[in-house]
Structure formats: structure tokens, C-alpha cells
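Listed below are the residues making up each chain.
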Amino acid sequence: MSTLAVAADPIVIKFSHVVAQDTPKGKGADKFKELAEKYTDGAVKVEVYANSTLYKDKEELEALQLGAVQMLAPSLSKFGPLGVREFEVFDLPYIFKDYQALHTVTKGPVGKQMLDKLDARGIKGLAYWDNGFKALSANSPIHKPEDLRGKKMRIQSSKVLEEQFREVKALPQVMAFSEVYQALQTGVVDGTENTLSNYFTQKVHEVQKHMTISDHGYIGYAVITNKKFWDGLPADVRGQLEKAMDEATDYANQIAKEENDQMLEAVRASGRTEVHVLSEAERAAFIKALVPVHKKMASRVGADTIKSIYEATGFDPSKL
């Protein structure tokens with residue numbers, strides 16, 4: 001007899017995340033809840049806690065490892081400080097040409113091998129969810145790498161991102177996302193990089209005159225669970241949850257892409273920021289200027305990790 005049919009008390013999964021419910025990640029979490037409860041016939045109950053209502057950014061990983069929460073979707077940059085530096089490969093500029101190349105990795109064997117490295121930390125990686133590709137912004141046009149020279153650019157905490165901006169003689173400034181608007185408004189920093197949905201929801205376009213669609217970097221999340229909890233689930237329940245996660249992943253990624261496209265139009269429509277899309281020649285100049293960061297960061301991120309992504313996507317830096 002199936003475990004699904006006999007489970008009297010539902011298995012509770014607390015899914016905590018730090019963003020708003022109406023973001024792609026928030027909508028993805030809600031979709032997973034809907035599908036997980038449907039596919040397990042109510043044997044599993046998913047409680048979604050949005051907007052850091054359960055745990056703040058810095059506390060949630062420890063809470064997961066302790067088993068106080070069962071599921072999270074932190075940004076990929078969170079795994080470097082945890083000791084799994086391979087994930088910093090996602091911060092490397094221009095390592096993914098487009099969504100197709102990205103998904104070759106995140107939905108393929110290379111992505112899975114990286115998630116498996118979390119096992120030793122008591123964490124089971126389930127899926128990658130997109131936020132999207134990054135644009136650059138400042139109060140003067142950024143059409144070529146030299147335009148970044150001397151600019152104070154806000155970044156999230158990442159050695160790779162620091163090196164990225166140093167490579168083009170910019171001055172990287174690590175700063176919390178919540179402080180960015182005011183820092184730009186007061187001139188503490190000159191510019192920043194982020195996805196379109198993050199730009200628009202934080203009103204960054206109101207305090208930046210120029211934005212360049214450079215698609216130079218990627219921001220994404222990993223949906224993770226407590227390994228002991230996951231391994232302890234009945235096999236048929238786990239199978240249904242994996243199916244729910246696969247479908248929720250496709251949904252979250254689709255929403256992320258749509259929202260970034262919509263937010264770009266919203267930024268344009270606001271009339272506050274002039275939007276420049278890099279031409280092929282301009283993009284090639286940025287790629288050439290930033291790809292040396294891959295080699296410089298190889299000892300940190302792992303030369304093998306970088307090579308496995310090159311092989312999966314067909315990227316060959318020697319042909320630039």
C-alpha cells in the first residue's frame with residue numbers, strides 16, 4: 001500500500017525565503033507548495049514564509065542545517081562563505097552566453113555535480129532558479145569597458161565580482177542591497193549592476209541616468225533542503241516532490257525571464273533612465289575585457305569547475 005494513502009499526519013515542509021511573494025522566487029515557492037500538496041494528495045503540507053518572516057538572510061542557512069526549516073532558495077553567492085567556492089563560478093563575467101547556455105549547466109550533469117558538493121554540509125541541492133542576467137547602470141553612459149574606469153560600483157559580497165570591476169579599473173564597493181538606493185542618490189557610489197527586476201522594484205532607475213543592457217553576469221538561486229530530512233522521506237513521497245520541484249523550476253524560470261523583459265520596458269517608459277543595448281561589437285569588447293577574470297579566479301573557484309562549464313556550453317576563450 002502506498003505511503004501516500006496512509007499518511008495520517010501530513011509531513012510539514014517549512015519553505016523560508018527572503019524576498020517578496022510577488023517576485024519570481026516568491027511565485028516559484030508558491031507554485032511548489034501548490035504542486036507538492038496536489039501530487040502527494042495532502043501527505044505533504046508546505047508552509048511558505050516570504051520576506052524573511054521566519055529567518056533573515058544571514059540566519060537561514062544555519063537554521064536549515066539545524067533542521068529548524070526544511071527548504072530555502074538562497075542566492076548562489078551564499079555558498080562560497082559556506083566553504084563551497086565552486087558556486088562562485090556563477091559570478092564570473094560572460095561565462096554564460098545566454099539562457100540556453102546557462103540551462104545546459106543548471107539543468108545538466110555539471111549543475112548536479114555542483115549541488116552534490118553541498119551534501120557534506122548536510123544540505124541537499126534540488127534545483128536552480130533564475131533571477132536573470134545583469135545590466136550596468138551609472139550617471140554617465142557605459143558603452144565600452146573604459147567607461148567604467150574610476151567609477152565606484154556597488155556589488156554584493158563576492159571576490160569574483162570585486163575582481164571583475166578591478167579588471168576594468170573600476171572601484172568595487174560591497175554594500176547591502178537595501179542601502180543601494182540611498183547610496184546612489186547621495187553619490188556614495190556611482191553605479192551598480194543587477195537584474196532588471198531588482199533594479200525596478202528597488203527604484204534604482206530613479207537615481208541613475210544611464211543603464212546598459214550588458215548581460216555580463218548572472219544572478220540565480222539554489223533551492224535546497226535539509227539532507228537528513230529529505231533522505232528520511234518515504235521514497236514515493238520524495239518522487240512526487242521531485243516532480244513538483246521540476247515543474248515549479250520551469251515555472252519560476254519562465255516568470256523570471258518575463259518579468260525582466262517587462263521591467264526593462266517599465267524602466268524605458270519611466271523616462272528617468274536612458275537605456276543602451278550593447279551592439280555586437282560593443283559586447284565583444286566587454287567580453288574581451290572581462291574574460292581574463294576567469295583565469296585570475298581559477299585558483300579560487302576551481303579550474304576544473306570552469307573547464308566543465310566551458311565544455312558544457314562550448315565557450316572557448318582562446319577564440320575571442
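Residues numbered from 1 in each chain as written. Predicted model: local features only at pLDDT ≥ 70, side-chain atom pairs only at ≥ 80, totals over all residues. Heavy atoms only, no water.

Asker: Sorry, what's going on with the pairing of strand β5 (residues 152-155) here?
Answerer: Two strands pair when backbone bridges link them, and β5 and strand β6 (residues 171-174) are joined in this way by four bridges, in the parallel orientation. By the bridge assignment for β6, isoleucine 155 is matched with valine 174. Regarding the hand of the β-α-β motif, the stretch spanning β5, helix α6 (residues 159-167) and β6 is right-handed. Relative to strand β7 (residues 191-195), β5 runs parallel, the two being bridged by two bridges. Bridge pairing in β7 links arginine 154 to threonine 192. (Pairing = 2+ DSSP bridges. Helix = DSSP H or I, 4+ residues; strand = E, 2+ residues; numbered from the N terminus. Right-handed = clockwise from strand over helix to strand, strands pointing away.)

Asker: I would appreciate a short explanation of the packing of aromatic side chains in the present structure.
Answerer: Here the distance between the centres and the angle between the planes together describe a pair of aromatic rings. Within the structure shown, the criterion is met by eleven aromatic pairs. Residues phenylalanine 15 and tryptophan 129 carry aromatic rings whose centres are separated by 6.3 Å and whose planes lie at 40° to one another, so their mutual orientation is tilted. Placement of phenylalanine 15 in strand β1 (residues 11-16) and of tryptophan 129 in strand β4 (residues 123-138) is noted, with a sequence separation of 114 residues between them. A single burial state applies to phenylalanine 15 and to tryptophan 129, both of which are buried. Between tyrosine 99 and phenylalanine 133, the aromatic rings sit 4.9 Å apart at their centres with planes inclined by 70°, giving edge-to-face as the arrangement. Here tyrosine 99, found in helix α4 (residues 99-106), pairs with phenylalanine 133, found in strand β4; they are 34 residues apart in sequence, far enough to count as distant. Each member of the pair tyrosine 99 and phenylalanine 133 is classed as buried. (Phe/Tyr/Trp six-rings, centres within 6.5 Å; stacked < 30°, edge-to-face > 60°. Buried < 20%, exposed > 50% of the residue type's maximum accessible area, 1.4 Å probe, protein only.)

Asker: Whenever I open this one, the packing of helix α2 (residues 24-39) against helix α10 (residues 235-270) confuses me. Can you help?
Answerer: For any two helices packed against each other, the geometry is given by the interaxial angle and the distance between the axes. At their nearest, the axes of α2 and α10 sit 8 Å apart, and the two run at 155° to each other. Considering the angle they form, α2 stands roughly antiparallel to α10. Remark: the crossing between α2 and α10 carries right-handed chirality. Seen from α2, the contacting residues are Pro24, Lys27, Gly28, Lys31, Phe32, Leu35, Ala36 and Tyr39; seen from α10, they are Gln240, Leu241, Lys243, Ala244, Met245, Glu247, Ala248, Tyr251, Ala252, Ile255, Ala256 and Glu259. Split into classes, the residues belonging to the contact of α2 with α10 amount to 13 nonpolar, two polar and five charged. (Axes fitted to C-alpha atoms, helices over the stretch in contact; angles between N-to-C directions. Parallel < 35°, antiparallel > 145°, perpendicular 65-115°, else oblique. Left-handed = near helix turned anticlockwise from the far one by under 90°. Contact = heavy atoms within 4.5 Å. Nonpolar A, V, L, I, M, F, W, Y, C, P; charged D, E, K, R; others polar.)

Asker: Any chance you could explain the environment of glutamine 113 here in plain terms?
Answerer: Along the chain, the position of glutamine 113 falls in helix α5 (residues 109-116). Along the backbone, glutamine 113 and glycine 125 are twelve residues apart, and their C-alpha atoms lie at a distance of 9.8 Å.

Asker: Please clarify how unusual backbone geometry should be interpreted in this entry.
Answerer: Glycine aside, residues mostly have negative phi, and peptide bonds are mostly found in the trans state. For tyrosine 94, which is not a glycine, the phi torsion comes out positive at approximately 55°. Residue placement: tyrosine 94 occurs in the loop between β3 (71-72) and α4. With a relative accessible area of 4%, tyrosine 94 lands in the buried category. For aspartate 215, which is not glycine, the phi dihedral falls at a positive 50°. Relative to the helices and strands, aspartate 215 resides in the loop between β8 (210-213) and β9 (218-226).

Asker: Teacher, can you tell me more about the nonpolar core here?
Answerer: Side chains of nonpolar character tend, in soluble globular proteins, to be buried together. Counting residues in each nonpolar core, the largest one holds 35 residues, and the members touching the most others are Phe79, Phe87, Val89, Phe90, Phe96 and Ile224. Those elements that provide at least two residues to this core are α3 (60-66), α4, α5, β4, β9, α13 (298-301) and α14 (303-313). When neighbours within four sequence positions are excluded, phenylalanine 87 is seen to be in contact with Leu76, Phe79, Met114, Leu115, Leu118 and Tyr128. With 25 residues, the next largest nonpolar core counts Ala29, Ala36, Tyr39 and Leu241 among its residues. (Core = buried A, V, L, I, M, F, W, Y, C linked by side-chain atoms within 4.5 Å.)

Asker: So what exactly am I meant to see when it comes to α4 here?
Answerer: In an α-helix there are 3.6 residues to a turn, and that puts residues three or four apart on one side. For α4, every residue scored as buried is listed here: Tyr99, Ala101, Leu102, Val105 and Thr106. Buried residues of α4, viewed axially, fall in a sector of 160°; they line one side. At its buried positions, α4 is contacted by α5, β4, β9, α10 and α14. The N-terminus of α4 is capped by aspartate 98, whose side-chain oxygen sits 3.3 Å from the backbone nitrogen of glutamine 100. (Arc of directions from axis to C-beta. Polar contact = N/O pair within 3.5 Å; in protein donor to acceptor, adjacent residues only side chain to side chain.)

Asker: Please clarify how the pattern of salt bridges should be interpreted in this entry.
Answerer: Two side chains that carry opposite charge are able to pair once their charged atoms sit near each other. Within this structure, the stated rule accounts for 17 salt bridges. Linking aspartate 116 and lysine 112 is a salt bridge whose minimum nitrogen-to-oxygen distance equals 3.0 Å. In this pair, aspartate 116 and lysine 112 are both assigned in helix α5, four residues apart and thus about one turn of the helix distant. You can call aspartate 116 partly exposed: its relative accessible area is 31%. For glutamate 162, the salt bridge is made with lysine 159, and the minimal N-O distance between the two is 4.0 Å. Linking glutamate 162 with lysine 159, this pair stays in helix α6, spanning three residues, or about one helical turn. (Salt bridge = Lys/Arg side-chain N within 4 Å of Asp/Glu carboxyl O.)

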